[in-house]
Amino acid sequence: MYGITLIIISALMHALWNFFLKKSSDKHIFNYQMHMINLILMTLTYPIIFSNYLYFDTKPIMYGFMAGIFFSMYHLFLSKSYKTEDVSKVYPITTSSPIFVSILAMIFLNEKISILGFIGIITVILGILILNMNNIGKIKFTKGVYYALLASTSYSFGAVIEKSGVGKGNIFLYIYSVTFFMTLFLFIYSKHNSKGHIQFALKNINLLLPASIVLFLSVVTYRFGLERVNVSYATSIRQINALFGVIVGILFLKEPFEKKRIVGALTIILGIIFIKKGM
């Protein structure tokens, strides 16, 4: 039960840093600066909390670099999505990556999709359609929704790279490496597309600090939870962050309450559970 609790806390923390990202005025700068502070926190706590992982291993660093490219793209598309759409609408879509992971794993890793997995894929698609139905039942995809789908797809490529060989190496070194490369790539993008980074950090420190802390807590609680819960169960349980995202958007961002957002988020979660059970 302790491990499951940690996974649920991690899911909540994941939804919360998305809340802070949505609140920021420049989401690209905020995203990299949030990761920068998170990287500093990881560097300071690495020797203390993760002392068992203080050894060098080239494989996690290599995979961290490759996965970092796609996870950076995920964060860039996520930031663009939040510029035009509510968190409660697009956040559940960004968590639908297991559908793409299953398809990519079938293509690149020769994995097979079971009947239950196929049902899960259809269920996730249904949830996305529910989220994008207007009041008269017509489907309407906006630019923010397309960016959310691109974010989910990018995350999936990173997850497949992660799945293809990292499990046998220094796991926390991988987490640290992918965080380092994500921060670096996001910084390079923001440096060429935005100005006034120092001024932005000083002006938004009241948002950056709590966002970085909950991001750090999301990573750490999930890592400790994985030590106590089977990874298949853990990834399924963590998808409750889709529902947390809807609740956070409605309660704290004052986004409109719509039953379809709750129903859509729950449908996506159900589909993801089917996919995980069928893997």
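In the annotation of an unreviewed UniProt entry, the entry for the chain reads EamA domain-containing protein, and the organism field reads Calditerrivibrio nitroreducens. In its Subcellular location (unreviewed entry) section, the UniProt record describing the chain reads: "Cell membrane".

Caption draft 1: Region of the structure containing helix H2 (residues 27-49). Roughly 30° is the biggest bend found in H2, and it falls at Thr 43, with proline Pro 47 one to four residues downstream. The backbone nitrogen of His 28 lies 3.2 Å from a side-chain oxygen of the residue at the head of H2, namely Asp 26.

Caption draft 2: Local environment of a nonpolar patch on the surface. On the surface, Met 62, Phe 65, Met 66, Ile 69 and Met 73 cluster together into a nonpolar patch covering about 400 Å² of accessible area. With respect to the secondary-structure elements, Met 73 resides in helix H3 (residues 58-84). We classify Met 73 as partly exposed; its relative accessible area is 32%.

Caption draft 3: Region of interest: the nonpolar core. Among the nonpolar cores identified, the biggest contains 39 residues, and Trp 17, Phe 20, Phe 30, Met 34 and Tyr 82 are the most heavily contacted of them. Ranked by residue count, the leading element in this core is helix H1 (residues 2-23), at 8 residues. Phe 20 has contacts with Phe 30, Leu 207, Pro 210, Ala 211 and Val 214, leaving out every residue within four places of it along the chain. Membership of the second largest hydrophobic core comes to 16 residues, among which are Ile 161, Phe 172, Ile 175 and Met 182.

Each value, and the rule that gives it
- Residues numbered from 1 in each chain as written.
- Predicted model: local features only at pLDDT ≥ 70, side-chain atom pairs only at ≥ 80, totals over all residues.
- Heavy atoms only, no water.
- UniProt positions renumbered as here; feature names shortened; annotations may be inferred.
- Bend = angle between axes of the 7 residues up to and from the residue.
- Helix = DSSP H or I, 4+ residues; strand = E, 2+ residues; numbered from the N terminus.
- Polar contact = N/O pair within 3.5 Å; in protein donor to acceptor, adjacent residues only side chain to side chain.
- Patch = residues over 30% accessible without salt bridge, like charges linked within 9 Å, V, L, I, M, F, W, Y side chains within 5 Å.
- Areas by Shrake-Rupley, 256 points an atom, 1.4 Å probe, with all protein chains shown as cover.
- Salt bridge = Lys/Arg side-chain N within 4 Å of Asp/Glu carboxyl O.
- Buried < 20%, exposed > 50% of the residue type's maximum accessible area, 1.4 Å probe, protein only.
- Core = buried A, V, L, I, M, F, W, Y, C linked by side-chain atoms within 4.5 Å.
- Contact = heavy atoms within 4.5 Å.

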